[in-house]
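# Examination of the molecular architecture
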Amino acid sequence: MTEVEIIRDRGPRNYSRRKFIKGVIAAGATVSASSYLFRGPGVLTAGQARGGVERLMTLTVNGQQRRVDVLPYETLAMTLRYKLGLTGTKLGCDRAECGACTVHIDGVTHYSCSMLTHQVRGREIRTIEGLESPDGELHPVQQAVMDEGGFQCAFCAPGFIMSMAAFVEDNPGASRAQCAQALSGNLCRCGDYNKILDSAERAVELMDQRA
Amino acid sequence: MAEKAIGRDIAPPDLRAKITGRAKYAEDFRAEGMLFAKLLLSPMPHCRVRRIDPSAALAMEGVVDILTADDPMMPEITGVAAEAALTNEPLYEGEPVLAVAAVDETTAADAIEAIRVDFEPLPFVVDPLDSLRPGGPNARLDGNIQWREGQTREIREFKWTDDDFDAAGPDRLPMGEPQVEWNVGDVEDGFEDADLVLEETILHQSLSHHPMEPRSCMAYWQNGKLYLHGSTQSTARTHAALANRLGMDQSDVVLVAEYCGGGFGSKISSAPIMDVPAILSRKTGRPVMLRINRYEETYIGRGRPGFQSFAKMGFGNDGRVTAIDLYIVQDAGSYGSSGDFNTAGTVASLCYQPENIRFRAVSVYTNTPPRSAQRAPGGAQIVAMLEPIMDKAARELGMDRLAIRQVNAPGPDGWLGANQGTLSSCFAREALDLGAEVFGWEERTQLSATRRGTKSIGVGIGISPFVGGSRGMDGLLVIRPDGKLYIHQGIGNLGTHSIADTARAACDVLGMDWNDCEVVWGDTSRNLPWSSSQSGSQTTHAHTRANHAAALDAKGKLQEIAAGALGGSPDAYDCADGRVFQAANPGRGMTFAEAARRAIDMGGRYSGHELPDDLNPMTVASANNLAGEGLMGVSRDNYGGDGSIWSWVMGFAQVEVDVETGQIDLTEYTGVTDCGTVLHPRNLAAQIHGGAVQGFGQARSQKWVFDPQWGVAFAKRFYTARPPGILDVPLEMGWAAVGEPDPQTPVGAKGIGEPPIGAGAAAIASAVADALGGQCLCRTPLTTDVVLAALTGTEQPYRPLETHV
């Protein structure tokens, strides 16, 4: 039998994935690594800043100003989940396939797994935690889901609800078919699409009532 | 009197947390000083780890520790084809070899890349038929099948002869010596009696579960106890399995699993990977988070076993099935002992009640990811495979396709399997009738194979039974001095809402308002009873019974307390609206709150200080902790019953197949069930529809692809594995339920998790065949290339038995 030695080194020598990512960032594009990773403060505070210049920045999240230390290659999903404690935003695929990490940036839906936090400086970020009003009143979309008993395991729910909220806020009177189109960037593996669309239709009604 | 909770649409108690982002799944927990772990996965389908050099990784700043299969702290996993969390002999590409813990995840990933591993490639196989050939490769060094005989379980080498292969030719299933065979009657007699005999070679693919939430987990140790946040379908059973794996006492393990982002059979109990953060955190003395990404989830996250098979069916002129001859070669993957193939034979016998049946099978290990139960294991495959043959028979006999199902469907006296077992109840025929009416079968079948532009319309039906219950679990509840009923549930919260829906049985026995009931679940430090595993659709049946039994125990105690205080016979007292009172004089009674205070004072069995002697030790431990907190209702389900418990879904689908592109549009779907009493209508609809959507993916799009030369996987992500999206399913789907209670269980409810998936898959397979003028494609998934080749009469892109393509 042939014996081979495999050395786990995925790229050409002296060109690690992280260096590649740095290059991509320098070019201003979004990163697409095999999976997103979380860099915590542990190594950095030890004085090693391999990711380039880390930046203390202010993010506007759910109407609050949040000061946060963000690395150049950090995705918004990672910042939200691991630095701001906003774990309602879920990671289902790590790479723009499932929509579980959907958030609003200036009122527009984005996959937070595929946005760099540095891209959203100065912009309004809204997450699932920011839909409910401070007095506990649910957003019409959330109320609609309560009314219709939507979702099963609900791991996809925050993403779907964010997509639904952005859509119904901008599209009064939307039809069921239009809602389906708007939600087609989100995946539900429980297959609860029928009830999700019932909820979307109910949300359209509730938005109309509120308007 | 409070409205009964059973039968109503009530939002589950955890829904608000789920839709506001407050629900915490495993990866949402943090602990002070938490490390991150990363896995090193095998790059080959079968190899041996000869040497690991972690020195460069361990020298990196921020790297804390490494865990390999040889680590003395790793638990010893025994049993045939049992799976350890880490291995020195990976049996599939992507199997975890080692893990590194570091101060953050990026550092851990850097460390993984710096570790040098010397792998020695070993022979591998991805197609079971290749392994059955004389001299063919074995997936394991010691063989390719798991032999079972009595109590014996061992890995053996199992080969067919060249003659077996030559006799079959390239495109028919070779049928050498089977590993398993059973007969009812004599199939040869059955085929002799038949007026029509059909024979097909059928391929059913393997496919991933792909729950939305990967099986991430976080663990830490405090005062000698392990605290583990994991993603699991079950709670009590996972707790027991985890403690057992780690060689620990259950009381030293706290499992927190309040939410589970989907499992579908892949997270029934403790995933082997839970060992990694558990042991790494013990080793490092710090909390450890293991985040599993989608690639890793595809490797380690389980899959449904595929079948390469032969089916021959005989029919009388009246459509009655006179004989079924079934031979299944199962792709068993790399670990465990998936019983899908056996269940497939049982389901075939149940669906068609054949006068004669021969079932033969062999389950062959391959160097592909481990298999486990996936929603209706074996059942979903076999109905998707055989229902199109029923259609073909109906056409050839000039019968209506619904009628041929009616002719063969079992009644309450139906039988199943090698031992010709009986059923607790069966309303399959009623479900077919109701489905025909709700779906409009007669009108819609007028559209069969008619054209609308380039679209050919097809109408299909798929019948799908599966196990819907078990017996003998424990119920545990407490009425506290606040007057509320606390129902403790050891079952898991995997999205079926059964933690709440099965608790309704207790609510209704005590005549309570549902708003005064609190469900306690998902954290083993909260005193949970022994429960069924959240699998095989057992829960609805098993735990309406257990909660019913516990509530009757509580009711008896309430009556005794009231009678003792207020006089008369306990039987003269009734319960409603949070009070126990004399039926003849409702003003004379006391509140549950008062009764709970008295129960605490009285002690003994009233407060849970004395317990029935037939409880599981886990229930006893939980009850001991709760003793004195209020009036305890606690009981094992001793209702008993005869026959096995099966539920049904009949799927009805309409498709439009584009004859120019092969594209399938699914335009209509209705699922009709016999699952006994309906606990929660809207949630039942969600199970019927959600399962069907998974079935659509199974029949139409989802698959695995392996490179036959290197044995490595391609379909590792959602976009390549292709589960259905919201635009792939009808805009609105229908449902109905027969609603006849199962007479052998007090609430009458049977489980419903499993049958919907086979109904969806079989109905769409049947509808596509119908749109193609009755052609049986005998292959899943029905991708556009397969459909188009059938439409144009050109050569199929794959050989009939070609798998993982």
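## A look at a negative patch on the surface
The grouping of D186, E188, D189, E192, D193, D195 and D318 of chain B at the surface amounts to a negative patch. Inspection of the secondary structure assignment puts E192 of chain B in helix α6 (residues 187–193).

## Re the domain arrangement of chain A
All names here are of chain A. You can read the domains of chain A as domain 1 (54–130) and domain 2 (140–210). Computed over C-alpha atoms, the centres of domain 1 and domain 2 are 21 Å apart. Each partner contributes to the interface: domain 1 provides 16 residues, whereas domain 2 provides 13 residues. For the pair domain 1 and domain 2, the summed buried area comes to about 1,100 Å², and 61% of that belongs to carbon and sulfur atoms. The interface formed by domain 1 and domain 2 contains one salt bridge. Counting across the domain 1 and domain 2 interface gives six residue pairs in polar contact (both at pLDDT 80 or more). Breaking the side of domain 1 that touches domain 2 down by element, the ones donating at least two residues are β3 (102–105) and β4 (108–111). With three residues, the single largest contributor to the side of domain 1 that touches domain 2 is β3. Broken down by class, the residue content of the side of domain 1 that touches domain 2 amounts to six nonpolar, eight polar and two charged.

## Some details on the pattern of salt bridges
All names here are of chain B. Within the structure shown, the criterion is met by 56 salt bridges over all chains. A salt bridge links D71 to K283, with the nearest nitrogen and oxygen atoms 2.6 Å apart. Of the two residues, D71 sits in the loop between β3 (63–68) and β4 (96–102) while K283 sits in helix α8 (residues 275–284), which places them 212 residues apart along the sequence. Looking at D71, the relative accessible area reads 10%, which means it is buried. For the salt bridge of R291 with E105, the shortest nitrogen-to-oxygen distance reads 2.9 Å. With R291 in the loop between β14 (288–290) and α9 (294–300) and E105 in helix α3 (residues 105–114), the pair connects residues that are 186 residues apart, well separated along the chain.

## Here we look at the interface of chain A and chain B
With 75 residues of chain A at the contact, the number on the chain B side is 83 residues. For the pair chain A and chain B, the summed buried surface comes to about 6,600 Å²; carbon and sulfur atoms form 53% of the total. Taken together, the connections running from chain A to chain B amount to six salt bridges. With its nearest N and O atoms 3.2 Å apart, the salt bridge here joins E132 of chain A to R22 of chain B. Inspection of the chain A/chain B interface yields 29 residue pairs in polar contact (both at pLDDT 80 or more). Of all the secondary structure elements, the ones that give two or more residues to the side of chain A that touches chain B are α1 (17–26), α2 (41–44), α3 (76–83), α4 (140–148), α5 (157–170), α6 (176–182) and α7 (193–210) of chain A. Here the element with the most residues in the side of chain A that touches chain B is α4 of chain A; it accounts for five residues. In terms of residue class, the side of chain A that touches chain B is made up of 36 nonpolar, 18 polar and 21 charged.

## Here's the deal with the layout of surface pockets
All names here are of chain B. Of the pockets and cavities examined, the largest pocket occupies roughly 820 Å³. As for the largest pocket, its lining consists of 33 residues, of which E83, S269, S270, R302 and G336 are closest to the centre. Elements with a contribution of two residues or more to the lining of the largest pocket: α7 (236–245) and α10 (340–352). For the lining of the largest pocket, the element with the most residues is α7, which contributes three residues. Split by residue class, the lining of the largest pocket holds twelve nonpolar, 13 polar and eight charged. Three or more residues apiece are contributed to the lining of the largest pocket by two domains, here domain 1 (31–122 + 215–290) and domain 2 (303–469 + 643–792).

Reading the values: rules and limits
- Residues numbered from 1 in each chain as written.
- Chains lettered and ligands numbered in written order.
- Predicted model: local features only at pLDDT ≥ 70, side-chain atom pairs only at ≥ 80, totals over all residues.
- Heavy atoms only, no water.
- Patch = residues over 30% accessible without salt bridge, like charges linked within 9 Å, V, L, I, M, F, W, Y side chains within 5 Å.
- Areas by Shrake-Rupley, 256 points an atom, 1.4 Å probe, with all protein chains shown as cover.
- Salt bridge = Lys/Arg side-chain N within 4 Å of Asp/Glu carboxyl O.
- Lys, Arg positive; Asp, Glu negative; His and termini not counted.
- Charge placed at Lys NZ, Arg CZ, Asp CG, Glu CD.
- Helix = DSSP H or I, 4+ residues; strand = E, 2+ residues; numbered from the N terminus.
- Domains from an automatic or database assignment.
- Contact = heavy atoms within 4.5 Å.
- Buried area = accessible area lost by both parts, 1.4 Å probe.
- Polar contact = N/O pair within 3.5 Å; in protein donor to acceptor, adjacent residues only side chain to side chain.
- Nonpolar A, V, L, I, M, F, W, Y, C, P; charged D, E, K, R; others polar.
- Buried < 20%, exposed > 50% of the residue type's maximum accessible area, 1.4 Å probe, protein only.
- 1 Å grid on protein atoms, 1.4 Å probe; cavity = no way out; pocket = protein on both sides within 12 Å on 5 of 7 lines; lining within 4 Å.
- Points joined across faces, edges and corners; volume = space filled by probe spheres on them.

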